[in-house]
Amino acid sequence: MQTKTFSVPNIGCDGCVRTIVNELSQQPGVVTVAGDKDSKIVTVQWDAPATWAGIQATLTEIDYAPALN
């Protein structure tokens, strides 16, 4: 299992976090998604067939792209 914690600058409310959780949870292999609107931090855990590239693509598609580190 892989885990990644990252910043999403576009998070502004609890609805934003719900959208991210709902969208990512639909991806096969994504185990957990947690987000915090105040810190704008999201943590995702996944197994195959999910990939970080696929997770990033979904986030970008829904206008919640992760911040570049």
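Residues numbered from 1 in each chain as written. Predicted model: local features only at pLDDT ≥ 70, side-chain atom pairs only at ≥ 80, totals over all residues. Heavy atoms only, no water.

Here we look at the overall build of the chain
Scanning the chain from N- to C-terminus turns up 2 helices and 3 strands. Secondary structure elements of the chain, listed N to C terminal, follow the sequence β-α-β-β-α. For 69 residues, the compact-globule estimate of 2.2 N^0.38 gives 11 Å, and the chain sits close to it at 11 Å. The C-alpha extent of the chain, read off along each of the three principal axes, is 30 × 25 × 20 Å. (Helix = DSSP H or I, 4+ residues; strand = E, 2+ residues; numbered from the N terminus. Rg over C-alpha atoms; globule rule 2.2 N^0.38 Å.)

Structural notes on the pattern of salt bridges
On inspection of all chains with the given rule, the structure shows 1 salt bridge. With a closest N to O distance of 3.3 Å, aspartate 38 and lysine 37 form a salt bridge. Of the residues examined, aspartate 38 reaches a relative accessible area of 64% and is grouped as exposed. With a relative accessible area of 32%, lysine 37 lands in the partly exposed category. (Salt bridge = Lys/Arg side-chain N within 4 Å of Asp/Glu carboxyl O. Buried < 20%, exposed > 50% of the residue type's maximum accessible area, 1.4 Å probe, protein only.)

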